Amino acid sequence: MSAHIEPPEGGNKKIALLIAVLALLLSLSEIGGKQAENESIAKNIDASNLWSFFQAKTIRGTTVRTAAEAMEIDLAATTDPATRERLQKRIDGWKATVARYESEPDTQEGRKELMARAKATEQVRDDQKARSENFEIASGLLQIGIVVASASIITGVGVLAYAAGGLGALSLVFMALALFAPRLLF
């Protein structure tokens, strides 16, 4: 039995069409992969910015909390009622500021909200990274498929054309994963 199987009638034209389809899919896969990669980078920057804002709120809160605690010591040592009232107002204001730094639902800029936003952004970043990886695999399969299909024309081995078509079909699976279930494999 010979590995030399003739391509079907009009085989070279069909294989050329297969190569064209694989090249089209390769272009789409590359576009999708690049878009996912860019989005992943953008979301990584967004997450980093949100975590920096979270850290700044933490530092501010710690500073204000420490000042309030120090002033409470001063308050305990003060006997003048007017001074005690001013100190207590300042302490109460600082405690309200600390509470606002912890949670600020209206602006979504409290530590609690910033943490939730940063984690959600990291999730999108990770989804986009997985999407990019799926597209990369699809692109690699398509490139191999194009080479195998070209070899089919040169060698006249028709089974290579079917292998190229199979690689193209497998690449479609990875492209579908990239679009609909990017983290299924990664």
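Helix and strand counts for the chain stand at 4 helices and 0 strands. Along the chain, helices and strands appear, N-terminal first, in the series α-α-α-α. The C-alpha radius of gyration of the chain comes to 31 Å, more than 25% above the 16 Å expected for a compact globule of 186 residues. With the principal axes as the frame, the chain shows a C-alpha extent of 105 × 25 × 20 Å. Expressed as a percentage of contacts within the chain between residues at least 6 apart in sequence, the contacts between residues at least 24 apart total 72%. Total accessible area on the chain stands at roughly 11,200 Å², and carbon and sulfur atoms take up 62% of it.

The tally for this structure, following the rule as stated, stands at 1 aromatic pair. A ring pair is formed by tryptophan 51 and phenylalanine 54, whose centres lie 5.4 Å apart and whose planes are at 85 degrees; its orientation type is edge-to-face. Separated by 3 residues within a single helix, tryptophan 51 and phenylalanine 54 lie in helix H1 (residues 11-77), roughly one turn from each other.

What follows deals with a nonpolar patch on the surface. Together, Ile137, Leu184, Leu185 and Phe186 make up an exposed nonpolar region whose accessible area comes to about 390 Å². With respect to the element layout, leucine 184 can be found in the segment after helix H4 (158-180).

Relative to each other, helix H3 (residues 111-155) and H4 sit at 170 degrees, their axes nearing to 8 Å. Classified by the angle their axes make, H3 and H4 are roughly antiparallel. Crossing handedness for the pair H3 and H4: left-handed. Tallied by class, the residues present in the contact of H3 with H4 amount to 20 nonpolar, 7 polar and 1 charged.

Using the criterion set out here, one finds 9 salt bridges in the structure. A salt bridge links aspartate 126 to arginine 125, with the nearest nitrogen and oxygen atoms 3.0 Å apart. A salt bridge links aspartate 127 to arginine 183; its shortest N-O distance comes to 3.5 Å. You can see aspartate 127 sitting in helix H3 and its partner arginine 183 sitting in the segment after H4, a full 56 residues away along the chain.

With that settled, consider the packing of H1 against H3. H3 packs onto H1 with a crossing angle of 160 degrees between their chain directions and a minimal axis gap of 6 Å. The orientation of H1 with respect to H3, classified from their angle, is roughly antiparallel. As H1 runs across H3, the sense of the crossing is left-handed.

What counts, and at which threshold
- Residues numbered from 1 in each chain as written.
- Predicted model: local features only at pLDDT ≥ 70, side-chain atom pairs only at ≥ 80, totals over all residues.
- Heavy atoms only, no water.
- Helix = DSSP H or I, 4+ residues; strand = E, 2+ residues; numbered from the N terminus.
- Rg over C-alpha atoms; globule rule 2.2 N^0.38 Å.
- Contact = heavy atoms within 4.5 Å.
- Areas by Shrake-Rupley, 256 points an atom, 1.4 Å probe, with all protein chains shown as cover.
- Phe/Tyr/Trp six-rings, centres within 6.5 Å; stacked < 30°, edge-to-face > 60°.
- Patch = residues over 30% accessible without salt bridge, like charges linked within 9 Å, V, L, I, M, F, W, Y side chains within 5 Å.
- Salt bridge = Lys/Arg side-chain N within 4 Å of Asp/Glu carboxyl O.
- Axes fitted to C-alpha atoms, helices over the stretch in contact; angles between N-to-C directions.
- Parallel < 35°, antiparallel > 145°, perpendicular 65-115°, else oblique.
- Left-handed = near helix turned anticlockwise from the far one by under 90°.
- Nonpolar A, V, L, I, M, F, W, Y, C, P; charged D, E, K, R; others polar.

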